[in-house]
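# Structural features, examined
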Amino acid sequence: VMKLNPQQAPLYGDSVITVQLTEEDKVEDDVVFYLVFTGSTVQHCTSTRKINPGSLETISPGHDCCETVKVALCASREGHPVLVVAEESFQFVQDEAYDAAQFLATCAGNQQALNFTRFLDRSRPPAADVDYLDEKVALAFRHLKLPAEWNVLGADQSLTENIPRETLMHFAVRLGLLRLTWFLLQQPGGRGALSIHNNEGATPVSLALERGYQKLHQLLTEEEAREPDSWSTLSHTVHSGDYSVKHHRGLDVYMLTAEA
C-alpha cells in the first residue's frame, strides 16, 4: 500500500502530490520510482523525487475528464525488471479555477459578463489570493481546449476597434493577473485588446499604469517582453503526435501523457 496526499487534483494538473511509502518499500538509492495514472482514454507516467527514505513527491498530470483513475507506483533498477510495488486510486476533479477559466473564455465578447467582473474588482482580494487566483486560472485556461476561432475580443470581430468596450484583457490587468495577461497576449486578439478603450476611456495599458503594476505595464509595452518569472516555475509542455511531455521546472519532474 502507498498513501497519496492529496487523493485528488484539478483537471489542469500541476499540483504537488506526496507519496508515502510503506516500510518494505523504503529502498536503496539506486531505485527509481515513477507513477502511472491510467484513465479511460489517456495514460500518464510521472517521474518522482525523493524527499526522504519514506516519501516521494511528484506533480499531478493534466487530465482529459473528471474521473477516478488507477495509479500504480513502479520501481525500476538497472538490470532488473520494472516492478509495480503498490496501487491506489486517484480522482481528477473540476475546481473553481477551472469553472472560472471556462466562464471567462465563454464571455470573451459578452459585455454584461465583463461588467460583472468589474463589479468583482470592487471587493479587491488580498495580494496572496490574487497570486493564487492568477496561477490557477492561467493553468486552467491553458488546459481548456479553446475552439480554433477563439479570440480574446470574443467571436464577433465585426466590432470595430473604435467602439468603447470592456475586454478580457481589461479584466486580467485590473486585477493584476500577470500570468493570465501573459497567456492572453499569446492568443488571437490579445495584442489588439491593448489599444481598446472602455467606457471610461481606459485601455489595459493605462489601467496597469494607473494601478501602479510596473511588471504588468512592462509586459504590455516592451517589444521584447519575456514571459514573467513567476510563470516559469510552472510547467512547460512539448507535443508530438499522440504524446506530450511536460517538465515541471519547480520540482524537476517529468510527465509523459499518451492516448491509451
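Because the structure is a prediction, the values reported are computed rather than measured.

### Some points on the packing of helix 1 (residues 96-106) against helix 3 (residues 127-143)
Two elements in contact, helix 1 and helix 3, have axes whose closest approach is 8 Å; the angle formed by their N-to-C orientations is 60 degrees. Viewed along their axes, helix 1 and helix 3 form a crossing whose handedness is right-handed. Each of A97, Y98, A100, A101, L104 and A105 in helix 1 lies in contact with helix 3, whose residues at this interface are K136, V137, A140, F141 and H143. Each residue belonging to the contact of helix 1 with helix 3 can be placed in one class, and the counts come to nine nonpolar, one polar and one charged.

### Focus on the packing of aromatic side chains
Throughout the structure, instances matching the rule amount to five aromatic pairs. A ring pair is formed by F37 and F92, whose centres lie 6.3 Å apart and whose planes are at 55 degrees; its orientation type is tilted. Of the two residues, F37 sits in strand 4 (residues 32-38) while F92 sits in strand 9 (residues 83-93), which places them 55 residues apart along the sequence. Measuring from ring centre to ring centre gives 5.4 Å for F90 and F92, while their planes differ by 75 degrees; the resulting arrangement is edge-to-face. The pair formed by F90 and F92 is uniform in burial state, with each residue classed as buried.

### Quick notes on the nonpolar core
By size, the foremost hydrophobic cluster in this structure holds 60 residues, and its most contacted members are F90, F141, L168 and L184. The dominant element in this core, judged by the number of residues it contributes, is helix 5 (residues 178-185), at six residues. Split by domain, this core shows at least three residues from each of two domains, domain 1 (3-94 + 234-259) and domain 2 (96-227). Ignoring anything within four residues of it in the chain, the contact list for F90 reads L4, P6, Q7, Q8, A9, I17, F37, E67, T68, V69 and V71.

### Quick look at the pairing of strand 7 (residues 55-59)
In terms of residue burial, strand 7 counts as a mostly covered element, since five of its five residues are buried. The two faces of strand 7 match: S55, E57 and I59 on one face and L56 and T58 on the other face are all buried. One ladder, built from five bridges, connects strand 3 (residues 16-20) with strand 7; its direction is antiparallel. Bridge assignment links V16 to a residue of strand 7, and that residue is I59. In the sheet, strand 6 (residues 49-52) pairs with strand 7 via three bridges, with the strands oriented antiparallel. Along strand 7, the bridge assignment pairs K50 with L56.

### Notes on the sheet that holds strand 1 (residues 3-5)
Pairing in this open sheet of four strands is antiparallel, and the strands run 1-3-7-6 from one edge to the other. Every other strand in the sheet has two partners, leaving strand 1 and strand 6 as the edge strands with one partner each. Direction aside, the axes of adjacent strands within the sheet are offset by 30 degrees on average.

### Looking at the domain arrangement of the protein
Once the domains are mapped, the protein shows domain 1 (3-94 + 234-259) and domain 2 (96-227). When each unit is reduced to the centre of its C-alpha atoms, the spacing between domain 1 and domain 2 is 33 Å. Contact with domain 1, which involves nine residues of that partner, is made by eleven residues of domain 2. In this assembly, domain 1 packs against domain 2 so that about 970 Å² is buried in total across both faces, 58% of it on carbon and sulfur atoms. For the interface between domain 1 and domain 2, the tally reads four residue pairs in polar contact (both at pLDDT 80 or more). Across the side of domain 1 that touches domain 2, the residue classes break down as three nonpolar, five polar and one charged.

Reading guide: rules and limits
Residues numbered from 1 in each chain as written. Predicted model: local features only at pLDDT ≥ 70, side-chain atom pairs only at ≥ 80, totals over all residues. Heavy atoms only, no water. Axes fitted to C-alpha atoms, helices over the stretch in contact; angles between N-to-C directions. Helix = DSSP H or I, 4+ residues; strand = E, 2+ residues; numbered from the N terminus. Left-handed = near helix turned anticlockwise from the far one by under 90°. Contact = heavy atoms within 4.5 Å. Nonpolar A, V, L, I, M, F, W, Y, C, P; charged D, E, K, R; others polar. Phe/Tyr/Trp six-rings, centres within 6.5 Å; stacked < 30°, edge-to-face > 60°. Buried < 20%, exposed > 50% of the residue type's maximum accessible area, 1.4 Å probe, protein only. Core = buried A, V, L, I, M, F, W, Y, C linked by side-chain atoms within 4.5 Å. Domains from an automatic or database assignment. Pairing = 2+ DSSP bridges. Buried area = accessible area lost by both parts, 1.4 Å probe. Polar contact = N/O pair within 3.5 Å; in protein donor to acceptor, adjacent residues only side chain to side chain.

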